[in-house]
Amino acid sequence: MALVQWRKDGQEVVLPGDDPHISVHSRGGPLKFELSSWLRIEGAETEDSGTYRCIAHNNLGSASASAVLGILGAEELSSYLADGALAVNPSAASDYEQDNY
């Protein structure tokens, strides 16, 4: 079984830490001998924006993946919507990084 850790912005602190609005969930599957893990942020605020990395270790090695989360404040969101930026931005996909070790 893998040991899964979540980190934000490269910090050494493993999430969720002492933050009550962040929780880490894991369960077996979807296939036999697999583990699924996800990070849940309740009531996300602009301070929660950043790069989140999931790192899994077992006796065969390790793997990691990261995702960028951006939370807009009220003024930023209003400006974003007023500019008609509801269309999907294809270049945003380059912000996603996946590493396999």
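It should be noted that the structure appears before, not after, this text.
A short tour of the structure in this document, coming up. This one's a predicted model, so the numbers in the text were calculated from it and none came from an experiment.

**A few points about the overall build of the protein chain**
Phase 1 of the analysis: Scanning the protein chain from terminus to terminus reveals 1 helix and 6 strands.
Phase 2 of the analysis: For the protein chain, the α and β elements follow one another from N to C terminus as β-β-β-β-β-α-β.
Phase 3 of the analysis: Out of the 101 residues belonging to the protein chain, those deemed buried represent 18%.
Phase 4 of the analysis: Sequence separation of 24 or more characterises 47% of the internal contacts of the protein chain that already satisfy a separation of 6 or more.
Phase 5 of the analysis: Of the roughly 7500 Å² that the protein chain leaves accessible, carbon and sulfur atoms contribute 55%.

**Structural notes on the pattern of salt bridges**
Phase 1 of the analysis: This model, assessed by the stated rule, comprises 2 salt bridges.
Phase 2 of the analysis: Residue Glu12 pairs with Arg7 through a salt bridge whose shortest N-O separation is 3.5 Å.
Phase 3 of the analysis: For Glu12, a relative accessible area of 67% puts it in the exposed group.
Phase 4 of the analysis: A salt bridge links Glu42 to Arg40, with the nearest nitrogen and oxygen atoms 3.2 Å apart.
Phase 5 of the analysis: Judged by relative accessible area, Glu42 falls into the partly exposed class, the value being 43%.
Phase 6 of the analysis: Given the relative accessible area of 45%, Arg40 is considered partly exposed.

**What about the layout of surface pockets?**
Phase 1 of the analysis: If you add up the space inside the largest pocket, you get close to 180 Å³.
Phase 2 of the analysis: Residue lining of the largest pocket: Met1, Ala2, Val4, Phe33, Glu34, Leu35, Asn58 and Asn59, and that is the complete set.
Phase 3 of the analysis: Its residues assigned to classes, the lining of the largest pocket shows 5 nonpolar, 2 polar and 1 charged.

Cut-offs applied
- Residues numbered from 1 in each chain as written.
- Predicted model: local features only at pLDDT ≥ 70, side-chain atom pairs only at ≥ 80, totals over all residues.
- Heavy atoms only, no water.
- Helix = DSSP H or I, 4+ residues; strand = E, 2+ residues; numbered from the N terminus.
- Buried < 20%, exposed > 50% of the residue type's maximum accessible area, 1.4 Å probe, protein only.
- Contact = heavy atoms within 4.5 Å.
- Areas by Shrake-Rupley, 256 points an atom, 1.4 Å probe, with all protein chains shown as cover.
- Salt bridge = Lys/Arg side-chain N within 4 Å of Asp/Glu carboxyl O.
- 1 Å grid on protein atoms, 1.4 Å probe; cavity = no way out; pocket = protein on both sides within 12 Å on 5 of 7 lines; lining within 4 Å.
- Points joined across faces, edges and corners; volume = space filled by probe spheres on them.
- Nonpolar A, V, L, I, M, F, W, Y, C, P; charged D, E, K, R; others polar.

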